[in-house]
Amino acid sequence: MKDKIQDVLNTVENFTADTVEELESFRIKYMSKKGIIPALFGEFKNVAPEARKEVGMALNELKNKTQEKLNVLRRQLTEKTASGEQQDMDLTLPVNFSRQGTRHPLSVVRRQILDIFARIGFTVSEGPEIEDDWHNFSALNFREEHPARDMQDTFFVDDKDEKIVLRTHTSSVQVRVMEHQQPPIRTVSPGRVFRNEAISARAHCIFHQIEGLYVDHNVSFADLKQTLYYFAREFFGEHTKIRFRPSYFPFTEPSAEMDISCNICGGKGCNICKYTGWVEILGCGMVDPQVLDNCNINSEVYTGFAFGMGIERITMLKYQINDLRLFFENDLRFLDQFHAAY
Ligand code: DAH
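These lines cover the structure that appears in this document, whether it is placed above or below. (Residues numbered from 1 in each chain as written. Predicted model: local features only at pLDDT ≥ 70, side-chain atom pairs only at ≥ 80, totals over all residues. Heavy atoms only, no water.)

A closer look at the site of the ligand
The test is simple: Near residues are defined by distance, with any heavy atom within 4 Å of the molecule or strand qualifying the residue. Any pair of nitrogen or oxygen atoms within 3.5 Å is treated as a polar contact; in protein, a donor-acceptor pairing is required on top of that, and neighbouring residues in sequence qualify only through side-chain atoms on both sides. Note on areas: these come from Shrake-Rupley sampling with a 1.4 Å probe, and a residue is covered only by the protein chains present in the view. When residues are grouped by polarity, Ala, Val, Leu, Ile, Met, Phe, Trp, Tyr, Cys and Pro land in nonpolar, Asp, Glu, Lys and Arg in charged, and all others, Gly among them, in polar.
Taken together, 15 residues are adjacent to the ligand, and His169, Ser171, Arg195, Gln209 and Glu211 come closest. Interatomic distance of 3.3 Å between a side-chain N/O atom of Gln174 and an oxygen atom of the ligand. One of the side-chain nitrogen or oxygen atoms of Glu211 is found 2.5 Å away from an oxygen atom of the ligand. Its free accessible area being 360 Å², the ligand has 91% of it covered by the protein chains. Taken together, the residues of the shell around the ligand sort by class into five nonpolar, eight polar and two charged.

Given below as C-alpha cells:
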C-alpha cells in the first residue's frame, strides 16, 4: 500500500500541464470521487491496525500535495492566458463581432425633433392611446355632427358606445396638458395614433405624431412662424425655406399648413415634391379661444399656438424613404442602414 502511494505521489509531482483541458483531466483522474486518490482512501480500511498511522499520514500527504499541484498549475495557466502567451491562441484572427442593434429610424427622428424643441424650452408630455371622446374630439371643437370626425376614420373601442376611441391624433394631449396646467405652457407631445385606413405606401392605420403647444400672454402668429422656421432650419438644414397655406382645423383659428422647400432638389423641382419645389410637413394655427376655455384657461388673458406633424412623413423626407410600410416590417436590411444615426 505504501509503495502504491509513493508511486502515485511520484507521478503527481512530475506532472505538468500545457492547457486547461490537460489540467482538468488530471484533476478528474486523481481527485474526482471515482479518482485514484479517493480509491486509495477506500482501501485504507484493509490496512493492518499497526500500519494505519503511517499509511494514513502518507495518504493525507498525497492528497494535499496533489491539491497543491492543481492550484499551482491552475494559477500558472490563467496567468499565461491573461498575458496572451498561450500557444493555441492566434492574436491575428479578427474578433467575433456580435451583431449590434440600431435605433429605429422613427425613434431617431423623434429624438431629434424633441431635442430641437427642448433647446427653446419645450418640455415633453404624453397622454393615453385609448382616449375618451372629450379629449380626442369635443374639447377640440369637433361637435357631435362635425364632418371632421369622419375625416379621421376613427377606431371605436366599443361598437355600441362611441365614447371611447383609439386616439386619432396627439392633439388630445394638448387638452390633457391644459386641463392640468396654467400658462405659461410650452410642450411637445410625441405618440402613436390610429386611423382606420387601408395600408399602402402612403398610409397606415398606425402612425406617429408630435404635437406642439405654446400658451402664454401675447403669443402671436409671428411666434408660431418663427418657432417653426427655427425647427425647419435645425432639422432640414439652414437653407430651408418655409411657407404657410391657409387651412382648416376645428381647434385652431386661423389655421395653416406649412410647407418646406424641397430638401431633395433644393426647390428646383423633383418627383418627391411633384415638381412644385415644396413639400407639406405639418398643420398648425392659433389655438381657438373656445378650446382654451374648454380646458379652463382664460381666453381673455392668454393666447396660444399649436402644431402637429407626422413623424413617418418627416422621416421619409429626411431619409428619402418612399414606402411607409418599411417602418413596420422590421426588415434588418432596412433597419441596419441607420447605424450612424443617433
Ligand atoms: N391634429 C391634426 C391632424 O392630426 C394635426 C394638427 C393640425 C395639430 C393643426 C395641431 C394643429 O396642433 O394646430 O391632422
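A short note on the packing of aromatic side chains
The condition that has to hold: Pairing of aromatic rings covers Phe, Tyr and Trp, the last through its six-membered ring, and needs centres within 6.5 Å; plane angles under 30 degrees mean stacked, over 60 mean edge-to-face, and all others mean tilted. The numbering of helices and of strands both runs from the N terminus, where a helix is a DSSP run of H or I of at least 4 residues and a strand a run of E of at least 2. Relative accessibility decides the category of a residue: with a 1.4 Å probe and only protein chains considered, values under 20% of the type maximum give buried, values over 50% give exposed, and everything between is partly exposed. Two thresholds decide whether a charge sits over a ring: the Lys NZ or Arg CZ must be within 6 Å of the ring centre and within 35 degrees of the ring normal.
This structure, assessed with the given rule, holds 17 aromatic pairs. Summarising the aromatic geometry, the rings of Tyr214 and Phe305 are spaced 5.3 Å apart at their centres and angled 80 degrees between planes, so their arrangement reads as edge-to-face. Taken together, the residues span a long stretch of sequence, with Tyr214 in strand β5 (residues 206-216) and Phe305 in strand β9 (residues 303-310) at a distance of 91 residues. According to the relative accessible area criterion, Phe305 is buried, its value standing at 0%. On the numbers, 5.7 Å between centres and 20 degrees between planes, the contact of Phe231 with Phe235 is stacked. Highlighted residues: Phe231 and Phe235, both in helix α9 (residues 221-236), separated by four residues, approximately one helical turn. Comparing Phe231 with Phe235 shows no difference in burial state: the two are buried. Ring pairing ties together the aromatic residues Phe117, Phe122, Tyr214, Phe231, Phe235, Phe236, Phe305 and Phe307, which thus form one cluster. In this structure, Arg52 packs its charged tip against the face of Phe44, placed 5.6 Å from the ring centre. Directly above the aromatic system of Phe41 lies the positively charged group of Lys63, at a separation of 5.8 Å from the ring centroid.

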